[in-house]
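Given next are the chains, with one letter for each unit.
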Amino acid sequence: MTQDELKVMVGRAALDQVVPGSVVGVGTGSTVNCFIDALATMRERIIGAVSSSEKSSERLRAHSITVLDSNAIERIPVYIDGADEIDPRGHMIKGGGAALTREKIVADLADRFICIADVSKRVAVLGRFPLPVEVIPMAAAQISRRFVAMGGRPVLRAGVVTDNGGHLIDVHGLHITDPLTMESEINQWPGVVSVGIFARHRASLCLFGGPDGVETVSYATAS
């Protein structure tokens with residue numbers, strides 16, 4: 001089974017997590033695109049979606065799914081999104097699709113974060129995937145120096161501007177053994193808009209697509 005086929009499989013499986021009659025939180029990326037395509041088959045059974053990126057919003061609208069302003073929504077039952085990496089406690093690295101800040105905003109509205117991914121995204125310790133950090137442009141050099149001092153290798157993602165007008169730094173070579181502490185520290189650096197560690201907003205559940213089908217892993221009681 002190809003990686004694309006695994007994405008389609010978990011995208012369809014995620015429909016079981018959608019609460020009928022509710023607003024659905026929708027993330028960003030190739031796996032989420034498969035979920036959006038599947039969600040179109042039940043669009044009459046949901047109120048609409050809150051999206052984490054302009055690209056996802058465009059795809060939702062193309063399927064005639066109503067896209068709602070996050071400012072008009074107090075809570076949503078589930079947020080469904082992918083991950084670049086996920087550890088055994090449900091902590092994730094996200095931001096490969098440049099939407100990490102809006103992903104955190106929508107995740108913060110949700111009662112549950114449902115991660116959809118293929119099995120290749122499972123890691124023992126976060127850091128194999130470069131850590132994305134959205135920054136205000138004038139702070140990029142100073143933030144990069146801070147990561148060098150931590151032993152990281154920061155690289156500005158060339159030609160990329162986020163939906164918020166920010167720039168992205170991808171930090172290679174990190175070994176993130178305490179995601180929550182690192183997330184909290186980096187978030188306090190002046191000029192950081194958001195860091196792609198999702199520890200405070202970790203997954204409640206992950207649907208992993210693999211050669212034997214979809215495996216469901218719950219992190220609800222993990223620390």
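These remarks concern the structure in this document.

### Digging into the sheet that holds strand 12 (residues 205–210)
Item 1. The strand order across the open sheet built from six strands is 2-1-3-6-12-13, with neighbouring strands paired in mixed fashion. Each end of this open sheet is capped by a strand with a single partner; those strands are strand 2 (48–51) and strand 13 (213–218). Put simply, the sheet's adjacent strands are angled 25 degrees from each other on average, direction ignored.
Item 2. As judged from the five bridges shared by strand 3 (residues 76–81) and strand 6 (residues 110–118), these two strands associate in the parallel manner. Among the inter-strand pairings, Ile80 is bridged to a residue of strand 6, identified as Ile114.
Item 3. Taken strand by strand, helix 1 (residues 3–13) contacts strand 6, strand 12 and strand 13, and its axis lies near 145 degrees from that of strand 12.

### Brief notes about the pairing of strand 9 (residues 167–172)
Item 1. Sheet analysis places strand 7 (residues 131–135) next to strand 9, joined by five bridges and oriented antiparallel. Its bridge partner lying in strand 9, Pro132 is registered against Asp170.
Item 2. Both strand 8 (residues 153–156) and strand 9 contribute to a ladder of four bridges, which runs antiparallel. Opposite Leu156, over in strand 9, you have Ile169 as the bridge partner.

### A closer look at the nonpolar core
Item 1. Ranked by internal contacts, the top residues of the largest apolar core, which has 24 residues, are Ile86, Met92, Phe113 and Cys115.
Item 2. Once residues lying within four places of it in the same chain are set aside, the contact partners of Ile86 are His91, Met92, Cys115, Lys121, Arg122, Val123, Leu126, Ala203, Cys206, Phe208 and Tyr219.
Item 3. Formed by 22 residues, the second largest nonpolar core is a distinct cluster that contains Val18, Val24, Val32 and Val78.

### Section: the packing of aromatic side chains
Item 1. By the definition in use, this model includes three aromatic pairs.
Item 2. With 5.0 Å between their ring centres and 85 degrees between their planes, Tyr79 and Phe113 make a pair best called edge-to-face. With a gap of 34 residues between them, Tyr79 in strand 3 and Phe113 in strand 6 connect regions that are remote in the sequence.
Item 3. With a relative accessible area of 4%, Phe113 lands in the buried category.

### Focus on the pairing of strand 7
Item 1. Of all five residues making up strand 7, five are buried, and the element is well covered by its neighbours.
Item 2. Across three bridges, the pairing between strand 7 and strand 10 (residues 192–195) is antiparallel. Each bridged residue has a counterpart across the sheet, and for Val135 the counterpart in strand 10 is Val192.

### Some thoughts on helix 1
Item 1. Every buried residue belonging to helix 1 is among Leu6, Lys7, Val10 and Gly11, and all of these are buried. For helix 1, the buried positions fall inside an angular range of 135 degrees around the axis, keeping them on one side. Residues Asp4 and Arg12 are exposed on helix 1 and point more than 90 degrees away from its buried face.
Item 2. In this structure, the buried residues of helix 1 make contact with helix 2 (30–39), strand 6, strand 12 and strand 13.

Parameters at a glance
- Residue numbers here run from 1 along each chain, matching the order of that chain's written sequence.
- Per-residue local features are limited, in this predicted model, to residues with pLDDT of at least 70; the limit for side-chain atom pairs, both in listing and counting, is 80 or more; totals at the level of whole chains, interfaces and linings are taken over all residues.
- Processing note: side-chain calculations cover all non-hydrogen atoms of the structure and skip hydrogens and water entirely.
- A strand pair is defined by DSSP finding two or more bridges across the two strands.
- Numbered from the N terminus, helices here are DSSP runs of H or I no shorter than four residues, and strands are runs of E no shorter than two.
- Axis angles are defined between N-to-C directions and span 0 to 180 degrees, where every axis is a line fitted to C-alpha atoms and, for a helix, only to the segment in contact.
- We call two residues contacting when some pair of their heavy atoms lies within 4.5 Å.
- Residues grouped as a nonpolar core are buried Ala, Val, Leu, Ile, Met, Phe, Trp, Tyr and Cys residues, joined through side-chain atoms within 4.5 Å.
- Residue burial is assigned from relative accessible area. The probe radius is 1.4 Å, only protein chains are included, and a residue is buried under 20% of its type maximum, exposed over 50%, and partly exposed in between.
- Only rings of Phe, Tyr and Trp enter the pairing, Trp through its six-membered ring, and a pair is recorded when the two centres are within 6.5 Å. The plane angle decides the type: under 30 degrees is stacked, over 60 is edge-to-face, the rest tilted.
- Comment: arc refers to directions from the helix axis out to C-beta atoms.

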